[in-house]
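Examination of the molecular architecture
Letter by letter, the chains look like this.
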Amino acid sequence: MTYLSTGMFVKLDEYMDIMPNYAAFLEKNPDIKAMLTAVDGHIYYVPQTVVTSTYQPVMMYNMPWIEKLGIEPPTTLDAFVDMLRMFRDQDMNGNGDPNDEIPMSVMSAYLPYMFGPAFGLDLVSGFYADDEGVVHYAAYESENYRNYLTFLNGLYNEGLLEVEFTSLNRDQITERCANDLTGVTYDFSWQMSTLYSAQYPEYDGTKGIIVGAAPLSGDYPGAYIGRNPVSGVFGVNSKSGKIELAVKMLDYVMSEEAQDLYVWGMEGLTYEVKDGNREYLPRCTEDTIWYQGLGINAPNMPSQQSAEATAVLLAPWHVQAIADMEAPYARAPFPNVYSTEDEVSTISMYLTDLTTYVDERAVAFICGYASIEDEFDSYIETLKGMQVEELIKVKQAQYDRYAAALK
């Protein structure tokens, strides 16, 4: 809003008579329209969007291990813990050593995605609105957040969450897959076939090895927290000598014709049609720089990410797994909303320190450096002293503006 209040950008909603494509997009996507509606009620930008209900971070299991145990992928926290214990205690990879299995290999950043929803928490967004439109800060929800930390501390104490979980990275997980050492991971679902399953010598593309499954439920139903659909914005400089031409350019980019070109390119050059379905030609999958040079899937454009165009790059089992276990459980994150200058001041003053403190204490509670029983109440009081309730008020005001714009 600081930029917009100076008049730097054109109010695009005042040009909708020459932006029919963008007007149609906004009508079709009221949630995005609400996010783009500024405090003054105007719309200044055309968005770049990403998919939000597919290709998000999800639970992934070593399916040969699951099959060896003769069980189904777990759907509850209790069943999940039972499975991890079996992974820990048995020679799952069949190499004769029952002690080299690592039950779960998950980067610390994904633990909130993995377990938060089962405790009624959106720890990914941090702030979230309940069904009544009341905003909460997940790490300030004393009972549910305490239960979440207690659960993770239990995993840590049993050796089901490894000691060095805070430093684990994707390369290390990939290496573990290559040596069949781990039973569970959590990552963007794109990685199921393209990275993790591909590490196994026996993988031939027809059946997944590291395969996604439904989220875990606890006292609350399991869910997958998606991304915010708006990943970038593009506006028109109000000092331009060709405002109308620039506005028309943005409108064309939002048209179905332009988006189809952006995603697929041209038939015979970048894709072909087989049995009524489009498929990229080999050069597109082999030479990313070449097809991005044509403007296809190039970054930093007002583009609308296509789940269909992503699916053609994946093995059929992978596409089916995503359809079965991801979209049905997707939950929207807290929306991106414009801030007033006063709100920016409050957020800048308090949020960074608050987030740092929450992250540090989470590790301490999970690893047992701090006692949940003895120190959690003090943690809640410290958050209050760090003005968490002022931040909640700011986020409530923002959510209320978003909800009003949505209506």
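Check the entry above for the structure.
Below: a short report on this structure. (Residues numbered from 1 in each chain as written. Predicted model: local features only at pLDDT ≥ 70, side-chain atom pairs only at ≥ 80, totals over all residues. Heavy atoms only, no water.)

Details of the overall build of the protein
Each helix and strand in the protein was counted, giving 17 helices and 11 strands. Taking 22 Å as the expected radius of gyration for a compact globule of 407 residues, we find that the protein reaches 24 Å, a close match to that expectation. Oriented by its inertia axes, the alpha-carbon framework of the protein measures out at about 75 × 60 × 30 Å. For the protein, buried positions account for 49% of its 407 residues. Considering only contacts within the protein whose residues lie at least 6 apart along the sequence, 74% involve residues at least 24 apart. Taken together, the 24 basic and 59 acidic charged side chains of the protein have centroids lying 6 Å from each other. (Helix = DSSP H or I, 4+ residues; strand = E, 2+ residues; numbered from the N terminus. Rg over C-alpha atoms; globule rule 2.2 N^0.38 Å. Buried < 20%, exposed > 50% of the residue type's maximum accessible area, 1.4 Å probe, protein only. Contact = heavy atoms within 4.5 Å. Lys, Arg positive; Asp, Glu negative; His and termini not counted. Charge placed at Lys NZ, Arg CZ, Asp CG, Glu CD.)

Considerations on the nonpolar core
Ranked by size, the top nonpolar core spans 116 residues in total, and within it Phe 80, Phe 115 and Tyr 145 carry the most contacts. Top contributing element to this core by residue count: helix α15 (residues 341–367), with nine residues. Leave out the neighbours within four places in its chain, and Phe 80 touches Met 59, Tyr 61, Pro 74, Met 104, Met 114, Phe 115, Val 184 and Leu 216. Counting residues in hydrophobic clusters, the runner-up holds 10 residues, among them Tyr 271, Tyr 280, Tyr 291 and Ile 296. (Core = buried A, V, L, I, M, F, W, Y, C linked by side-chain atoms within 4.5 Å.)

Regarding the packing of helix α6 (residues 142–157) against helix α16 (residues 372–385)
Interaxial distance between α6 and α16 falls to 11 Å at its minimum, and their mutual angle equals 140°. Classified by the angle between their axes, α6 and α16 sit oblique to one another. Pair α6 / α16 crosses with right-handed handedness. For the pair α6 and α16, the contacting residues are Ser 142, Tyr 145, Arg 146, Leu 149, Thr 150 and Asn 153 in the first and Ile 372, Glu 373, Phe 376, Asp 377, Tyr 379 and Ile 380 in the second. Across the contact of α6 with α16, the residue classes break down as six nonpolar, three polar and three charged. (Axes fitted to C-alpha atoms, helices over the stretch in contact; angles between N-to-C directions. Parallel < 35°, antiparallel > 145°, perpendicular 65-115°, else oblique. Left-handed = near helix turned anticlockwise from the far one by under 90°. Nonpolar A, V, L, I, M, F, W, Y, C, P; charged D, E, K, R; others polar.)

Some words on the pattern of salt bridges
Counted by the stated rule, this structure contains 15 salt bridges. For the salt bridge of Lys 248 with Glu 244, the shortest nitrogen-to-oxygen distance reads 3.5 Å. On the criterion of helical spacing, the pair formed by Lys 248 and Glu 244 is a turn pair, its members being four residues apart in helix α9 (residues 243–253). Through salt bridges with shared partners, a single network forms among Asp 82, Arg 85, Arg 88, Asp 89 and Glu 158. (Salt bridge = Lys/Arg side-chain N within 4 Å of Asp/Glu carboxyl O.)

Concerning unusual backbone geometry
Positioned with a positive phi, Asp 275 is a non-glycine residue whose angle comes to about 50°. Along the chain, the position of Asp 275 falls in the loop between β9 (271–274) and β10 (277–280). A relative accessible area of 79% places Asp 275 in the exposed class. One non-glycine residue, Gln 387, adopts positive backbone phi at about 70°. Along the polypeptide, Gln 387 turns up in the loop between α16 and α17 (388–406). Overall, the relative accessible area of 28% leaves Gln 387 in the partly exposed class.

Regarding a nonpolar patch on the surface
Side chains of Tyr 252, Leu 261, Met 266, Leu 269 and Leu 294 sit close together on the surface and give an oily, nonpolar patch of about 420 Å² of accessible area. Following the sequence through the fold, Leu 269 ends up in the loop between α10 (256–264) and β9. By relative accessible area, which is 38% here, Leu 269 ends up partly exposed. (Patch = residues over 30% accessible without salt bridge, like charges linked within 9 Å, V, L, I, M, F, W, Y side chains within 5 Å. Areas by Shrake-Rupley, 256 points an atom, 1.4 Å probe, with all protein chains shown as cover.)

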